[in-house]
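These are the residues of each chain, in order.
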Amino acid sequence: AWCMLGMPQVQESDCMNHRWDAQGSVCTRCREGCPAGAIAIADGIPRIGDACTGCTACVGICPTAAIRHDDVDVAAIVRQARVAVMQGRQILRAACSFAGAEDADIRVPCHATWNPLLLSCLAAEGVHVLETDGIAQCASCPARFGEQVLARTERDYEAFGKGLGVRLLISREITRKAAPAAKHREPEPERRAFFRKLVPTLAQGAAMTVAQISEAMRDDGTAAETGDGAARSASLRLFAKALARLRPNFTPVPHLSSVPLGAIQADERCNACGQCASQCPTEALALRPFGAQQVLEFRPDACIGCGHCADICPEHAITALPSISLPAIAAGRSRPLVMVAAGRRPDPQAIAT
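Given the structure is predicted, the values throughout are model-derived calculations rather than measurements.

Caption draft 1: Spatial organisation of the sheet that holds strand S15 (residues 335-341). With respect to topology, 3 strands assemble into an open sheet ordered S11-S12-S15, the strand pairing being antiparallel. With one partner strand each, in any of the chains shown, strand S11 (285-290) and S15 form the two edges of the open sheet. Going from strand to strand, the sheet's axes swing by 25° on average, the running direction of each strand aside. The pairing of S11 with strand S12 (residues 293-298) spans 6 bridges and is classified as antiparallel. Residue Ala286 lies in a different strand from S12, and its bridge partner there is Glu297.

Put into structure tokens, the structure is as follows:
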């Protein structure tokens, strides 16, 4: 197939499978979410085949930003929405490459780019309605999967949004129309014309400046993370920054493949061997000494729901939960899962052998 938008690229070192051994878990989110069936997992690493149409659905699904596309910059999309809202627009027009609308507030390569986390970030910026310009032409577009993926995203966003107090509406209708042709009239004086053009320009410039200052003061979460864990995707980092403004409630949110968030629990079978903490790709788990005991701690805001800890636990003490709590993620604090007496901790030499 001809890839109209260019093929996404896989950064193997950022793939969470890269740091897992061959006997461990394998993340397959990108393969399962690809509407063209163009992604295969070989030796644990995604391989994008010729069937790719460049719809970019895989980019938003990857929790560690291992799959990238030159035309997808989620931080830039959020900034565009922020500027538009500061200029007084809360109904924003998002155009895909096929639509070619030069006056759109937001531009995406394909409407398959949208995912529940990115939509939530726009809602946090104050967007009330997102109009998807070009979605009606998906059948004739070479990328062709925008409508299909957007429909799936809408379903997931509806389920995910039950835990949020602030949401936006996705619309397939375009309300903003082209400006009517100007009627013939007498030319206005040069001085009046100068100030008439100057005032909107100054207002727009002021809004842009305020937006830039706001962005600098309110880090957008795009900086690379440090530490041994794989970096989370920009969508995840932006969502974490925006979550407080989304007013999360305690309605359980189901675990969704398009939303890389998760929650776990541990029971008394845990012996503090440390395998889960050492292999967690985002360092959501850690063992902490507590006197003569060890505490297994969990950071809900760092978990991406991969389930690897549950798969590799030799005592089967960890269970992935079917739902997550958004207030727990918003709190940004570690919580203890289980406390283990020092005498129960196995000999590290025995683990190695």
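Picking up where we left off.
Caption draft 2: Local environment of the packing of aromatic side chains. Counted under the stated rule, the structure contains 1 aromatic pair. Residues Phe160 and Phe239 carry aromatic rings whose centres are separated by 5.6 Å and whose planes lie at 50° to one another, so their mutual orientation is tilted. Of the two residues, Phe160 is situated in helix H5 (residues 146-161) and Phe239 in helix H7 (residues 234-242); the sequence distance between them amounts to 79 residues. On the basis of relative accessibility, which here comes to 0%, the residue Phe160 falls in the buried class. Relative accessible area serves as the criterion here: at 1%, Phe239 is assigned to the buried category.

Caption draft 3: Local environment of the nonpolar core. Ile106, Trp114, Leu122 and Phe160 are the most contacted members of the largest nonpolar core, which has 62 residues in total. Taken together, the elements giving at least two residues each to this core come down to strand S3 (45-48), helix H2 (57-61), helix H3 (74-86), strand S5 (91-95), helix H4 (116-125), H5, H7 and helix H10 (326-331). With sequence-adjacent residues up to four places away left out, Ile106 is seen in contact with Ile77, Gln80, Ala81, Leu92, Arg93, Ala94, Ala95, Trp114, Leu122 and Leu130. The next biggest cluster of nonpolar side chains, apart from the first, holds 21 residues, and it includes Cys276, Cys280, Ile318 and Val340.

Criteria and cut-off values
Residues numbered from 1 in each chain as written. Predicted model: local features only at pLDDT ≥ 70, side-chain atom pairs only at ≥ 80, totals over all residues. Heavy atoms only, no water. Pairing = 2+ DSSP bridges. Helix = DSSP H or I, 4+ residues; strand = E, 2+ residues; numbered from the N terminus. Axes fitted to C-alpha atoms, helices over the stretch in contact; angles between N-to-C directions. Phe/Tyr/Trp six-rings, centres within 6.5 Å; stacked < 30°, edge-to-face > 60°. Buried < 20%, exposed > 50% of the residue type's maximum accessible area, 1.4 Å probe, protein only. Core = buried A, V, L, I, M, F, W, Y, C linked by side-chain atoms within 4.5 Å. Contact = heavy atoms within 4.5 Å.

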